[in-house]
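Here's the letter readout for the chains.
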Amino acid sequence: MNKQDIGLIYTQYCDKVSRFVRYKIYNPIDVEDIVQTVFLKVYSNLDQYDETKASLSTWIYTITHNTVYDYL
């Protein structure tokens, strides 16, 4: 994976990440901010992603879970 793939990653996972965040956070503005933060973290750390340790979706959901946890 390289940083040029972020558009494809965003398209593939944005709805799923948004649904997960909306399940935990009820303020729509906060949901948007958290989703944006998740994808900024994904972009910033994409070079650290190791496909031998976890699938991309697991990695993104871990980032999402941790970001929601930090918010709460």
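Above this text sits the structure in question.
Residues numbered from 1 in each chain as written. Predicted model: local features only at pLDDT ≥ 70, side-chain atom pairs only at ≥ 80, totals over all residues. Heavy atoms only, no water.

(A) Layout of the overall build of the chain. Summing up its helical and strand segments, the chain has three helices and zero strands in all. Starting at the N terminus and ending at the C terminus, the chain contains elements arranged as α-α-α. Computed over the C-alpha atoms, the radius of gyration of the chain is 12 Å, within 12% of the 11 Å expected from 2.2 N^0.38 for a compact globule of 72 residues. Projecting the C-alpha coordinates of the chain onto the three principal axes gives extents of approximately 35 × 20 × 15 Å. Per-residue burial for the chain yields a buried fraction of 33% across its 72 residues. Counting only contacts in the chain whose residues sit at least 6 apart along the sequence, the fraction spanning at least 24 positions is 66%. (Helix = DSSP H or I, 4+ residues; strand = E, 2+ residues; numbered from the N terminus. Rg over C-alpha atoms; globule rule 2.2 N^0.38 Å. Buried < 20%, exposed > 50% of the residue type's maximum accessible area, 1.4 Å probe, protein only. Contact = heavy atoms within 4.5 Å.)

(B) Highlighting the packing of helix H1 (residues 6-24) against helix H3 (residues 56-71). In contact at an axis separation of 10 Å, H1 and H3 are set at 35° when each is read in the N-to-C sense. Our pair here, H1 against H3, has a crossing hand that is right-handed. For the pair H1 and H3, contact is made by Ile9, Tyr13, Lys16, Val17, Phe20, Val21 and Lys24 and by Leu56, Ser57, Ile60, Tyr61, Thr64, His65 and Val68, respectively. A per-class count over the contact of H1 with H3 returns nine nonpolar, three polar and two charged. (Axes fitted to C-alpha atoms, helices over the stretch in contact; angles between N-to-C directions. Left-handed = near helix turned anticlockwise from the far one by under 90°. Nonpolar A, V, L, I, M, F, W, Y, C, P; charged D, E, K, R; others polar.)

(C) Representation of H1 within the structure. In the structure, H1 departs most strongly from a straight axis at Tyr13, where the bend amounts to approximately 50°. Looking only at H1, the buried set comprises Ile6, Ile9, Tyr13, Cys14, Val17, Ser18 and Val21. Looking at the buried positions of H1, the neighbouring elements they touch are helix H2 (28-45) and H3. (Bend = angle between axes of the 7 residues up to and from the residue.)

(D) Examining the side chain of Thr64 more closely. Relative to the elements of secondary structure, Thr64 occurs in helix H3. Under the relative-accessibility criterion, Thr64 is labelled buried at 0%.

(E) A look at the packing of H1 against H2. Across the interface, H1 lies against H2 with an axial gap of 10 Å and an inter-helix angle of 140°. Taken together, H1 and H2 sit at an angle that is classed as oblique. At the point where H1 passes H2, the crossing takes the right-handed sense. Mapping the contact onto sequence places Ile6, Ile9, Tyr10, Tyr13, Cys14, Val17, Ser18, Val21 and Arg22 in H1 and Val31, Ile34, Val35, Val38, Phe39, Val42 and Tyr43 in H2. For the contact of H1 with H2, a count of residues per class yields 14 nonpolar, one polar and one charged. (Parallel < 35°, antiparallel > 145°, perpendicular 65-115°, else oblique.)

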